[in-house]
Amino acid sequence: MALSCSLRLIRLRAYWPVSLKQASLSTAPDEDCRQVAGRNEATRKRWMKEKKPRQGCSLPGLESFWEERLTNVATPLWRFPYEEQLKVKSESQKKVLQTLASCLRELGTDKLEITQRPDGLCCPLHSVVPSPVINGYRNKSTFSVNKGPDGNPKTVGLYVGTGRARNIVCVRANHLENIPEKHKQVAQYYEEFLHQSPLDPCLLFHQGGHWRELIVRTNSSGHTMAIITFHPQDLSQEELCTQKALLKDFFTCGPGAVCNLTSLYFQESIMTRSSHQQSPYQLLYGEPYIFEEVLGLKFRISPDAFFQINTAGAEVLYQTVGKLSRADKNTVLLDVCCGTGAIGLSLAHQASKVVGVEVVEQAVEDARWNAAFNGISNCEFHSGKAEMVLPQFLMSREDDRLLVAVVNPSRAGLHYRVVQAIRNCEAILTLIYVSCKPEGEAMRNFLEFCCPPDSGKKLVGKPFAPLLAVPVDMFPHTIHCELVMLLTR
Ligand SMILES: C[S@@+](CC[C@H](N)C(=O)[O-])C[C@H]1O[C@@H](n2cnc3c(N)ncnc32)[C@H](O)[C@@H]1O
């Protein structure tokens, strides 16, 4: 990629505030707000001046100062009415498409009619499709354990500050509008449990301590799964069993019973994040899975499996993908990075067949169960890294039907080998790229899909061209937005 193009990508990233998790590690929440507002500076100033009062903001002093900081970092658009938030998001998406257009021009793409639009965008941009739910929409929240504003190391909340700057403060998330009350309640009781526990929290791995983050998942029927991560350090099996029993008692017959947990999991982990394979999720109590309904289908979700964090928003997202995909009974739909199979299964009725690929084993097992439970028989799900599975699958395919590829990778974007495999497969004419961070690694992927053929990079297939971009808001109050990009050739 040309140097100026890379610089533009860096600038674009600077324009975008960081993700909720990253955001909670930022030192400068108010700066994020300034960046977010960008072109809507006047509107932002007006709203900041009017200072919409924060619900329940009655705490004086230190704690309320930190809560406000966290609110501004994690939900930087919270002061804006939702209509204004959508305008801010639309501006951000425009930036992405402008950057893509100019990078494509620099790369000498031959799709000049696409990159020379009067608005400077690489393709038409649909207005942002709103989230059906604005507040408390998260079905999953991750809470950390660390020192709070008062220095108490047994505080359960989200981070403000950064590890690098050594200024992390863990702030209770009670005021965040995107987190449902149930999640806040479980966090509050976990904190109470920690206060009762004789064991220390694990703040830094090398400094010892045990209690670590809490993940809460809920579904629309009110079921609640809690997952607690624990650093075993050098505890014996017997001591570990005692801790698990204390935790279970607290949430089943102690003060935490009011949380009404449907499942309680415990994961011993010595790494920042461990998969089920690396360190199994141990069910201490209740149901092994949580279930959710999406577009009339029932989905089983394991503790290790990804599921879109805004369920109502996910329905809108999948409907959007379905409309753009043009999958029909003559096409095979590839669902790359399929999680529990949600995209493929919700579109299976449109396609002749769905082939899903996913690296998390538990999610693949869920996807197979979900297909069987919902009576969907034209789906197959492959377990493994897409960069290993997909090239092999496409090479060994004997079927000559057209393929529609839907890719929905994590923030790291698609591995280069996945891009090569899709680009060099002539049967794929339609590609839908779903990204929650289109200004990041997804941008690199867009350029790899659309650049002129380059035998040195083994991108020999005809380039794709962006045809339409539809942003779907899944994350009200934050700057983030899911971008559904239709690319064809
Ligand atoms: C953003 S989620 C999308 C899941 C799914 N499309 C959905 O809507 O529920 C990204 C998924 O990619 C998976 N993933 C990450 N890296 C992968 C890889 N190298 N190969 C296959 N799947 C991967 C993750 O485990 C996660 O389930």
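Residues numbered from 1 in each chain as written. Predicted model: local features only at pLDDT ≥ 70, side-chain atom pairs only at ≥ 80, totals over all residues.

The name given to the chain in an unreviewed UniProt entry is tRNA (uracil(54)-C(5))-methyltransferase, with Chrysemys picta bellii as the source organism.

Take the overall build of the chain next. The number of helices and strands found in the chain is 15 helices and 16 strands. Of all intrachain contacts in the chain linking residues separated by at least 6 positions in sequence, the fraction that spans at least 24 positions is 68%. (Helix = DSSP H or I, 4+ residues; strand = E, 2+ residues; numbered from the N terminus. Contact = placed C-beta atoms within 7 Å.)

A word on the nonpolar core. For soluble globular proteins, the rule of thumb is that nonpolar side chains tend to be buried together. Judged by nonpolar contacts, the single largest core of 126 residues is most densely connected at Val321, Val336, Ala405 and Val406. Formed jointly, this core draws a minimum of three residues from each of two domains, domain 1 (140–288) and domain 2 (294–488). Those residues in contact with valine 406 that lie beyond four places of it in its chain are Val321, Ser325, Leu333, Leu334, Asp335, Val336, Ile343, Ile432 and Val434. By size, the runner-up hydrophobic cluster in this structure holds five residues, among which are Leu77, Trp78, Phe80 and Val88. (Core = buried A, V, L, I, M, F, W, Y, C linked by C-beta atoms within 7 Å. Buried ≥ 20, exposed ≤ 12 C-beta atoms within 10 Å, placed from the backbone. Domains from an automatic or database assignment.)

Time to look at the sheet that holds strand E1 (residues 140–146). Spatial ordering of the open sheet is given by E3-E2-E1-E4-E5-E6-E7, a layout of seven strands whose pairing is mixed. Strand pairing shows two members of the sheet lacking a second neighbour, strand E3 (169–171) and strand E7 (281–286), which therefore form its edges. Each strand axis lies, on average, 35° off the axis of its neighbour in the sheet, ignoring direction. (Pairing = 2+ DSSP bridges. Axes fitted to C-alpha atoms, helices over the stretch in contact; angles between N-to-C directions.)

Three- or four-residue spacings in an α-helix give side chains the same orientation, since the helix completes a turn every 3.6 residues. Taking 1.5 Å as the rise per residue, helix H6 (residues 82–106) with 25 residues should run 36 Å; its terminal C-alpha atoms sit 36 Å apart, in good agreement. Taken from the residues just after H6, glycine 108 is the one with a positive phi, measuring 75°. (Expected span 1.5 Å × (residues − 1).)

Of all residues adjacent to the ligand, which total 21 residues, the nearest are Phe306, Cys337, Gly339, Ala386 and Asn408. Elements with a minimum of two residues in the shell around the ligand: helix H11 (342–347), strand E11 (353–358) and helix H13 (386–395). Split into classes, the residues belonging to the shell around the ligand amount to twelve nonpolar, six polar and three charged. (Near = placed C-beta within 6 Å. Nonpolar A, V, L, I, M, F, W, Y, C, P; charged D, E, K, R; others polar.)

A separate point is unusual backbone geometry. With a phi angle near 70°, cysteine 337 is a residue other than glycine that sits in the positive phi range. Within the fold, cysteine 337 resides in the loop between strand E10 (331–336) and H11. Even without being a glycine, lysine 458 presents a positive backbone phi close to 60°. Locating lysine 458 in the fold gives a position in the loop between helix H15 (441–450) and strand E15 (465–472). A tally of 15 C-beta atoms within 10 Å means that lysine 458 is categorised as partly exposed.

Right, let's talk about the pairing of strand E6 (residues 263–268) for a bit. Here E6 lies mainly inside the structure; six of its six residues are buried. Neither face of E6 is left uncovered, since the one carrying Ser263, Tyr265 and Gln267 and the one carrying Leu264, Phe266 and Glu268 both have all their residues buried. Strand direction decides the pairing type here: strand E5 (residues 224–230) and E6, joined by six bridges, are parallel. Its bridge partner lying in E6, methionine 225 is registered against serine 263. Viewed along the sheet, the connection from E5 through helix H9 (residues 237–252) into E6 turns out right-handed. As paired strands, E6 and E7 are joined by five bridges and run antiparallel to one another. Looking at E7, one finds that tyrosine 265 is bridged to leucine 283. (Right-handed = clockwise from strand over helix to strand, strands pointing away.)

As annotated in UniProt, the feature "binding site: S-adenosyl-L-methionine" (unreviewed entry) corresponds to Gln308, Glu358 and Asn408 in the numbering used here. Assignment of secondary structure puts glutamine 308 in the loop between strand E9 (297–301) and helix H10 (311–325). For glutamate 358, the residues in contact, after removing those within four places along its chain, are Cys337, Cys338, Gly339, Ala363, Val364, Ala367, Phe381 and Ser383. (UniProt positions renumbered as here; feature names shortened; annotations may be inferred.)

Right, let's get into the confidence of the model for the chain. Averaged over every residue, the pLDDT of the chain is 88; the share at 70 or more is 86%. Between residues 9–58, whose pLDDT stays under 50, and residues either more than four places distant or in other chains, the model counts 80 contacts. For this predicted complex, the interface confidence comes out at an ipTM of 0.99, alongside a pTM of 0.89. (pLDDT = per-residue confidence, 0-100.)

Attention shifts here to the domain arrangement of the chain. Parsing the chain into structural domains produces domain 1 (140–288) and domain 2 (294–488). One C-alpha centre belongs to domain 1, the other to domain 2, and the line joining them spans 32 Å. On the domain 2 side, the residues contacting the eleven residues of domain 1 number ten residues. Residue classes in the side of domain 1 that touches domain 2 are distributed as four nonpolar, five polar and two charged.

The next subject is the UniProt feature "active site" (unreviewed entry) in the chain. According to UniProt, the positions carrying the feature "active site" (unreviewed entry) are Cys436. Overall, cysteine 436 belongs to the buried group, with 21 C-beta atoms counted inside 10 Å. Residues within four places of cysteine 436 in sequence aside, it is in contact with His480 and Glu482.

Turning next to the sheet that holds E11. The seven strands lie next to each other as E12-E11-E10-E13-E14-E16-E15, forming an open sheet whose pairing is mixed. The open sheet has two edge strands with one neighbour each: strand E12 (379–383) and E15. Neighbour-to-neighbour, the strand axes of the sheet open up by a mean angle of 15°, direction not taken into account. Relative to strand E16 (residues 482–488), E15 runs antiparallel, the two sharing seven bridges. Of the residues in E16, the one forming a bridge with alanine 465 is threonine 488. Relative to the sheet, H6 contacts E15 and E16, its axis offset from that of E15 by approximately 165°.

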